[in-house]
Amino acid sequence: MGKRISSYIIAFLVIITLNFMVPRMLPGDPLSAIYGNEVLIKLPSQTMEYIQSSYGLEGPLWKQYLNYLYSMFSGRLGYSYFHQARVETVLSAYLPYSLILMGLAVFISHLLGFIAGIESGWRRGRPADRVLLGSIIFSSSFPSFFIGVLLLILLGSMWNLLPFQGASTAYANLKGLSLSLDYLAHMILPLLSLVVVFLPSVYLLTRNSLISNMSEPYILLARAKGLSETRIRYVHAGKNSLIPVATQAGINVGTRLVTGALFIEIIFSYPGMGTLIYNSILNRDYPLLQGSLLALTLLVLVINFIADILYKKLDPRIDYAYQH
């Protein structure tokens, strides 16, 4: 456990360093983005120094880095140029939307992918397996933004079945249950897009894992005992097929939380972290960009740590291998 925690600490230190460097490698100047080049040229040097000091941009890069570390470990993420508010305040307004959207997408896609993988693997080579396998491989060949645009055009624009912009209806003055249903209706299209993106990898992992488990001695023993097919499929073979799925859940959140949600939230103008990061890049809002990436980094590390623990619980051989 100690080695795992130390590896997470090293990963965190590397990420926060990249988090500081990457925004400063972007082309353009944040003060020019805020005030415009014409205004900056006319400002006196004392005013310029005051503005740079206010935004933590004064001094050489190493000094900015030390100030960044000190502020971060003090719990102060800085002040957003664009929103004119503390970064913590801005994050608290956007982060819940992404957490709910991503949490539901991961849960639904893994549940459906696991069930579909079990049923498909159990019926390997039959018509139902071939149809399901072909359909899911076909859907996995499209990138997330294409699926999002396709759903937006078909379900949102052409057939007008669901709202396709924002998280709620503007100026509707809804309350209580009506407001909750309105939020839910606006979430369906981005949620459906992410589920379609996540599901194929879970399905294929579960199907392949189940097929490899079918010839194991414990399956033959369960059949010899006269256990029902459903119990063998889900309790015996299904439990061992969960191991790669648990690993994939951590990877899905880690690798697709930013990339998938970024494109999907922008396409549907959904007010989550993807939209926030996109706008902070456009406005060269370094403190907000750093704060957003830091929040996502912590979230990914925590989820991967939970997946590590879950992986060990599902397969005790992993823990034994670490100890010996």
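These remarks concern the structure in this document. (Residues numbered from 1 in each chain as written. Predicted model: local features only at pLDDT ≥ 70, side-chain atom pairs only at ≥ 80, totals over all residues. Heavy atoms only, no water.)

**Notes on a nonpolar patch on the surface**
Next up, step 1: Judged by side-chain polarity, F138, F142, F145, F146, L150 and F263 come together as a nonpolar surface patch covering roughly 560 Å² of accessible area.
Next up, step 2: With three residues, the single largest contributor to the nonpolar patch is helix 8 (residues 144-158).
Next up, step 3: Along the chain, the position of F145 falls in helix 8.
Next up, step 4: For F145, a relative accessible area of 42% corresponds to the partly exposed category. (Patch = residues over 30% accessible without salt bridge, like charges linked within 9 Å, V, L, I, M, F, W, Y side chains within 5 Å. Areas by Shrake-Rupley, 256 points an atom, 1.4 Å probe, with all protein chains shown as cover. Salt bridge = Lys/Arg side-chain N within 4 Å of Asp/Glu carboxyl O. Helix = DSSP H or I, 4+ residues; strand = E, 2+ residues; numbered from the N terminus. Buried < 20%, exposed > 50% of the residue type's maximum accessible area, 1.4 Å probe, protein only.)

**Details of the pattern of salt bridges**
Close approach of charged atoms allows side chains with opposite charge to pair.
Next up, step 1: If you walk through the whole model with that rule in mind, you get four salt bridges.
Next up, step 2: Between D129 and R207 there is a salt bridge, with its nearest N and O atoms 2.9 Å apart. Residue D129 is located in helix 7 (residues 127-140), and its partner R207 is located in helix 9 (residues 176-213); the two are separated by 78 residues in the primary sequence.
Next up, step 3: Each of E119, R123 and R233 takes part in one network of salt bridges that share partners.

**Here we look at the nonpolar core**
Next up, step 1: One finds L101, L189, L191, L194 and F198 to be the most contacted residues of the largest nonpolar core, which totals 25 residues.
Next up, step 2: Counting eleven residues, the second largest nonpolar core, distinct from the first, contains V87, Y94, L288 and L289. (Core = buried A, V, L, I, M, F, W, Y, C linked by side-chain atoms within 4.5 Å.)

**With respect to the environment of E119**
Next up, step 1: Relative to the assigned elements, E119 resides in helix 6 (residues 87-122).
Next up, step 2: For the pair E119 and L132, spaced 13 residues apart in the sequence, the C-alpha separation amounts to 9.7 Å.
Next up, step 3: At 2.5 Å, the side chain of E119 and the side chain of Y234 are in polar contact. (Polar contact = N/O pair within 3.5 Å; in protein donor to acceptor, adjacent residues only side chain to side chain.)

**Quick notes on the packing of helix 8 against helix 9**
Next up, step 1: Running from N to C, helix 8 and helix 9 cross one another at 140°; their axes reach a closest spacing of 9 Å. Between helix 8 and helix 9, the angle is such that the two are oblique. The element helix 8 and its partner helix 9 pack so that their crossing is right-handed. Here helix 8 contributes S144, I147, G148, L151, L155 and G156 to the contact with helix 9, which in turn contributes L189, L192, S193, V196 and V197. (Axes fitted to C-alpha atoms, helices over the stretch in contact; angles between N-to-C directions. Parallel < 35°, antiparallel > 145°, perpendicular 65-115°, else oblique. Left-handed = near helix turned anticlockwise from the far one by under 90°. Contact = heavy atoms within 4.5 Å.)

**Focus: helix 6**
Next up, step 1: With 36 residues, helix 6 should cover 52 Å at 1.5 Å per step; its first-to-last C-alpha distance of 50 Å lies within 8% of that length.
Next up, step 2: Bending of helix 6 peaks at approximately 35° at the position of Y94, with proline P96 no more than four residues after it. (Expected span 1.5 Å × (residues − 1). Bend = angle between axes of the 7 residues up to and from the residue.)

**What about the packing of aromatic side chains?**
Next up, step 1: A full pass over the atoms with the stated rule returns five aromatic pairs.
Next up, step 2: When the centroid spacing of 6.5 Å and the interplanar angle of 45° are considered together, the rings of Y97 and Y183 count as tilted. Taken together, the positions of Y97 in helix 6 and Y183 in helix 9 put the pair 86 residues apart, joining distant regions of the chain.
Next up, step 3: Of the residues examined, Y97 reaches a relative accessible area of 25% and is grouped as partly exposed.
Next up, step 4: With relative accessibility at 31%, the residue Y183 sits in the partly exposed group.
Next up, step 5: Ring geometry for F142 and F146: centres 5.0 Å apart, planes at 20°, overall stacked.
Next up, step 6: The class for F142 is partly exposed, based on a relative accessible area of 30%.
Next up, step 7: An aromatic cluster is defined as three or more aromatic residues linked by ring pairs; in this entry it consists of Y97, Y183 and Y270. (Phe/Tyr/Trp six-rings, centres within 6.5 Å; stacked < 30°, edge-to-face > 60°.)

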